Amino acid sequence: MRLTPLFAGVLTLALVGTASAQTLTIATVNNGDMIRMQGLSSAFTEETGIELNWVVLEENTLRQNVTTDIATNGGQYDIMTIGTYEAPIWAKQGWLKPLDGLTADAEYDVDDLLPPIRGGLSVDGKLYAAPFYGESSFIMYRTDLMEEAGLTMPEAPTWEFIGEAARAMTDRENDINGICLRGKAGWGENMAFLTAMSNSFGARWFDEDWNPQFDSPEWKETLDTYLSLMADAGPSGASSNGFNENLTLFQQGKCGMWIDATVAASFVTNPDDSTVADKVGFALAPDTGLGKRGNWLWAWSLAIPASSQNADAAEQFIGWATSKDYLELVAAEEGWANVPPGTRISLYENPDYQAAAPFAEMTMGSIYAADPTNPTVQPVPYVGVQFVAIPEFAGIGTNVGQLFSAALAGQMSADDALAQAQDAVTRDMTRAGYIK
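For the structure given in this document, a descriptive report is provided here. Keep in mind that what you see is a predicted model, and the values were worked out from it rather than measured.

What about helix α19 (residues 393–408)?
And then number 1: Between its first and last C-alpha atoms α19 spans 22 Å; for 16 residues at 1.5 Å apiece the expected length is 22 Å, and the two agree.
And then number 2: Taken together, the buried residues of α19 touch α10 (190–200), α11 (217–233) and α20 (414–431).
And then number 3: Backbone geometry just downstream of α19 places G410 in the positive-phi region, at approximately 80°.

Here you go:
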């Protein structure tokens, strides 16, 4: 791979600078695309001489660690893997360094980044995190089990159809669950799924005066539908399952359907990893006829905390890992279907990618369909599809996620979970000054 002029310039700084500039500490999530990036990163070190120290963590743990570090100016990491929720909030608080070198570099081609993804990582026109992969969510399903059930998956199904199909495909004797959905507590785990789902039922986190809405009939219908579906057709121990756990279940042939991140499509269709790779179909996230589907918008992205002493070298690595050249490297090593999706316009115009990735068009359509500025059926005072873009959401979202996960585990009723969520969020939002 070649070094762009930007990379070459930063390399010079790294080689003549202090010894501390020779090692970057990178915090990232243990998702498949990041594991692949770690494996391929020896190419970066060979080109630049810059060593990499990887800290690879489970999603909830990563969020806790990087949030604590950046809020305390701890300086533990040079590069953090963060998302569409954190990037603009942390940028406004002065916790991130803008990626001005990348945006100024013609070969990096920042204008090639998908507008919905780039916009969610920018503040006042400045890019503060570079997307490693972007995603929405959709339905992945077993075409053979759907056919055996005598059903045909619509391209744009309703939740009613999903319930019917999930129950019809469930085969407990053969360890096949009709549907696998997130149940692990966390604002970015079960609440990402349930918030997106609730949008399609007409629910919302807050009304226009920031009053919590968990006492609404729309939230009750959302949670009742979810719990009933999981009781009838979901796997045992679902309250402990997040993205990676459900991915494994689907790859092992134990899920008839899985509604989750579009980035999973390459993993469930990869014959090296998935026992059902040749039996997977895709459909849009479900709706209830109210005009909103249960799909989200997210980008796992690389950012430089303001506390990093190695910002130039860090920006060089971010440029490498989110470049067009990196996509070509992954394609050469793993095939076009396995390149990180959802970030660049040119990828979706590439005939090699289109031929290798049958999910490409639906991924793109789902990303563009999610509207963070108008996420719900009714008006809301916040931005965000599967999250609320306020600093307090990480805490309150995780608290609500714990209640809903407990309901899934049978430790409380749906009504009790919703009532406790209403009380807790009202208390927290009043203390934070949102409710006057």
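That shown, we press on.
A few points about the environment of A424
And then number 1: Relative to the helices and strands, A424 is located in helix α20.
And then number 2: Put simply, A424 and P212 are 212 residues apart on the chain and 9.4 Å apart in space, counted from C-alpha to C-alpha.

Digging into the packing of aromatic side chains
And then number 1: All chains considered together, the criterion is met by 33 aromatic pairs.
And then number 2: Taking 5.5 Å as the distance between ring centres and 70° as the angle between the ring planes, the aromatic pair formed by Y85 and F387 counts as edge-to-face. In this pair, Y85 sits in the loop between β3 (79–82) and α5 (86–92) while F387 sits in the loop between α18 (360–369) and α19, placing the two residues 302 residues apart along the sequence.
And then number 3: For Y85, a relative accessible area of 4% puts it in the buried group.
And then number 4: Ring centres of W210 and Y382 lie 6.4 Å apart, and the angle between their planes is 40°; this geometry places the pair in the tilted category. Note that W210 is positioned in the loop between α10 and α11 and Y382 in the loop between α18 and α19, a separation of 172 residues in sequence. An identical accessibility class is assigned to W210 and Y382; each is buried.
And then number 5: Taking NZ or CZ as reference, R63 lies 4.2 Å from the ring centre of W187, over its face.
And then number 6: Its guanidinium or amino end placed over the ring of Y108, R344 lies 4.8 Å from that ring's centre, counting from NZ or CZ.

Points about the state of the cysteines
And then number 1: With the rule as written, the count across this model stands at one disulfide.
And then number 2: Disulfide partner of C180: C255, at an S-S distance of 2.0 Å. Between C180 and C255, the disulfide has an S-S torsion of -85° and is therefore left-handed. Note that C180 is positioned in the loop between α9 (159–169) and α10 and C255 in the loop between α12 (243–251) and β8 (257–261), a separation of 75 residues in sequence. Take C180 and C255: they sit in the same class, and that class is buried.

Side note on the environment of Q251
And then number 1: Inspection of the secondary structure puts Q251 in helix α12.
And then number 2: Since its relative accessible area comes to 11%, Q251 is described here as buried.
And then number 3: Along the backbone, Q251 and P375 are 124 residues apart, and their C-alpha atoms lie at a distance of 31 Å.
And then number 4: Polar side-chain contacts of Q251 include one of 3.1 Å to the backbone oxygen of F267.

Comments concerning the sheet that holds strand β6 (residues 130–135)
And then number 1: Pairing is mixed in the open sheet, where five strands are placed in the order β2-β1-β3-β10-β6. Single-partner strands in this sheet number two, and they are β2 (51–57) and β6. Strand after strand, the sheet turns through a mean of 15° between neighbouring axes, direction not considered.
And then number 2: The sheet contact formed by strand β1 (residues 23–29) and β2 spans seven bridges and is parallel. Following the sheet pairing, I26 is matched in β2 by W54.

Topic: the pattern of salt bridges
And then number 1: Here the structure, examined in full by the defined rule, presents 18 salt bridges.
And then number 2: Where R142 meets D144, a salt bridge forms, and the shortest distance between an N and an O atom there is 2.9 Å. For the pair R142 and D144, a shared accessibility class is recorded, and that class is buried.
And then number 3: R167 is paired through a salt bridge with D232; the nearest N and O atoms lie 2.7 Å apart.

Looking at the sheet that holds strand β9 (residues 280–284)
And then number 1: If you trace the three strands from one edge of the open sheet to the other, you get β8-β7-β9, paired in antiparallel fashion. Here the strands that pair on one side only, and so sit at the sheet edges, are β8 and β9. Here the average twist between neighbouring strands, direction ignored, is 30°.
And then number 2: Across five bridges, strand β7 (residues 137–142) lies against β8 in antiparallel orientation. Across the sheet, I139 pairs through a bridge with I259, a residue of β8.
And then number 3: Relative to β8, α9 is tilted by about 130°, and along the sheet it contacts β7 and β8.

How each quantity is defined
Residues numbered from 1 in each chain as written. Predicted model: local features only at pLDDT ≥ 70, side-chain atom pairs only at ≥ 80, totals over all residues. Heavy atoms only, no water. Helix = DSSP H or I, 4+ residues; strand = E, 2+ residues; numbered from the N terminus. Expected span 1.5 Å × (residues − 1). Contact = heavy atoms within 4.5 Å. Phe/Tyr/Trp six-rings, centres within 6.5 Å; stacked < 30°, edge-to-face > 60°. Buried < 20%, exposed > 50% of the residue type's maximum accessible area, 1.4 Å probe, protein only. Lys NZ or Arg CZ within 6 Å of the ring centre and 35° of its normal. Disulfide = S-S within 2.5 Å. Polar contact = N/O pair within 3.5 Å; in protein donor to acceptor, adjacent residues only side chain to side chain. Pairing = 2+ DSSP bridges. Axes fitted to C-alpha atoms, helices over the stretch in contact; angles between N-to-C directions. Salt bridge = Lys/Arg side-chain N within 4 Å of Asp/Glu carboxyl O.

Functional significance is not addressed by these values, which are geometric in nature.
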